[in-house]
Every structure is written in C-alpha cells, then in structure tokens.
Amino acid sequence: MIEIKNTNDIIARLGFFRNKRNLSAREVSLRMGYSESWYYRVESGEIDLKLSTLFELAELFEIPLEQLFYYNIEKYEEDKELLSLIKTMDKNDKDAICNFIKIKK
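As a convention, each chain's residues are numbered from 1 in the sequence order in which they are written. Reporting in this predicted model follows two pLDDT cut-offs: at least 70 for local features of residues, and 80 or more for side-chain atom pairs to be given and counted; totals over whole chains, interfaces and linings ignore these cut-offs and use all residues. Calculated side-chain values reflect all of the structure's heavy atoms, with hydrogen atoms and water omitted.

1. Brief notes about the nonpolar core
Right, on to step 1. Of all hydrophobic cores here, the largest spans 19 residues; its most connected members are Leu14, Val28, Tyr39, Leu57, Phe61 and Leu68.
Right, on to step 2. When contributions to this core are tallied by element, the ones reaching two or more residues are helix H1 (7-20), helix H2 (25-32), helix H3 (38-43) and helix H4 (51-60).
Right, on to step 3. A helix here means a DSSP run of H or I that spans at least four residues, while a strand means a run of E at least two residues long, and both kinds are numbered starting from the N terminus. When residues of this core are assigned to their parent elements, the largest contribution, four residues, is made by H4. Working definition of a nonpolar core: buried Ala, Val, Leu, Ile, Met, Phe, Trp, Tyr and Cys residues. They are joined through side-chain atoms within 4.5 Å. Exposure classes here rest on a 1.4 Å probe applied to the protein chains alone. A residue is buried below 20% of its type maximum, exposed above 50%, and partly exposed in between.

2. Observations regarding the side chain of threonine 53
Right, on to step 1. Topologically, threonine 53 is positioned in helix H4.
Right, on to step 2. We classify threonine 53 as buried; its relative accessible area is 4%.
Right, on to step 3. Note on contacts: a residue pair is in contact if any heavy atoms of the two residues lie within 4.5 Å. Apart from the residues within four sequence positions on either side, threonine 53 is in contact with Met32, Tyr34 and Trp38.

3. Some remarks on the pattern of salt bridges
Pairing between side chains of opposite charge can happen when the charged atoms of each approach one another.
Right, on to step 1. Only one rule defines a salt bridge in this text: a Lys or Arg side-chain nitrogen within 4 Å of an Asp or Glu carboxyl oxygen. Applying the stated criterion across every chain yields a total of six salt bridges.
Right, on to step 2. The shortest N-O distance in the salt bridge between arginine 26 and glutamate 36 comes to 3.1 Å. With arginine 26 in helix H2 and glutamate 36 in the loop between H2 and H3, this pair connects stretches of sequence that are 10 residues apart.
Right, on to step 3. For glutamate 36, a relative accessible area of 41% gives the class partly exposed.
Right, on to step 4. The shortest N-O distance in the salt bridge between arginine 41 and glutamate 46 comes to 3.7 Å.
Right, on to step 5. Its relative accessible area of 57% is what places glutamate 46 among the exposed residues.

4. Looking at the environment of leucine 57
Right, on to step 1. Along the chain, leucine 57 falls in helix H4.
Right, on to step 2. The buried category is assigned to leucine 57, whose relative accessible area is 0%.
Right, on to step 3. In this structure the C-alpha to C-alpha distance between leucine 57 and methionine 32, which are 25 residues apart in sequence, comes to 8.0 Å.

In structure tokens form, the structure reads like this:
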C-alpha cells in the first residue's frame, strides 16, 4: 500500500536515501550532471522532477524506484522478502497464511 500524501513525502525520502548513502547534495548534483545547487533546490521543493530523473536518483542511491514510494521505508526490505516468499506459494498455502493472520489479529 502506498501512502504518499504529497510531493513533500517523496522529497523527504530523497533526502533520507541521499544521507543513507553518505552523499552531499553537491555531490548528487555533480554526479547527475547539474549545477552544484540543483539538488539543494530539489530537496527544497523548488524543482518538479520528471519520472526519468527519479529513476536516475534511485539508481544513484542504489535503491529500486518503488522504494521511494513505499509506505514504510524502514520496513521495505523485510516486506519485500516476505512478498517474494508469498509469491512462490500455491493457492492453498496462501489461503492458510491468510487464515492464520486473521486468527492472530
């Protein structure tokens, strides 16, 4: 489920992932081929980004694009692993898991 309420959520995530990769705004700007102040303006909300630019930033931050939009970025890896396991199950196993979860609620 995606719970992005506005562009500020995405901008905050860009800052989160930039910091997680230990990159300065200046370094991101230069790596992307823009002026030194470009990324500062991105994180301040002055620049509307194209989807292609978001793809480039996700690649620079070494994350899948979907992680920029994921409702809880702290749980992304854990949820991704669980989802990949569920995808390998047959319908009976999935039904059993759903029933188990309903009982645990």
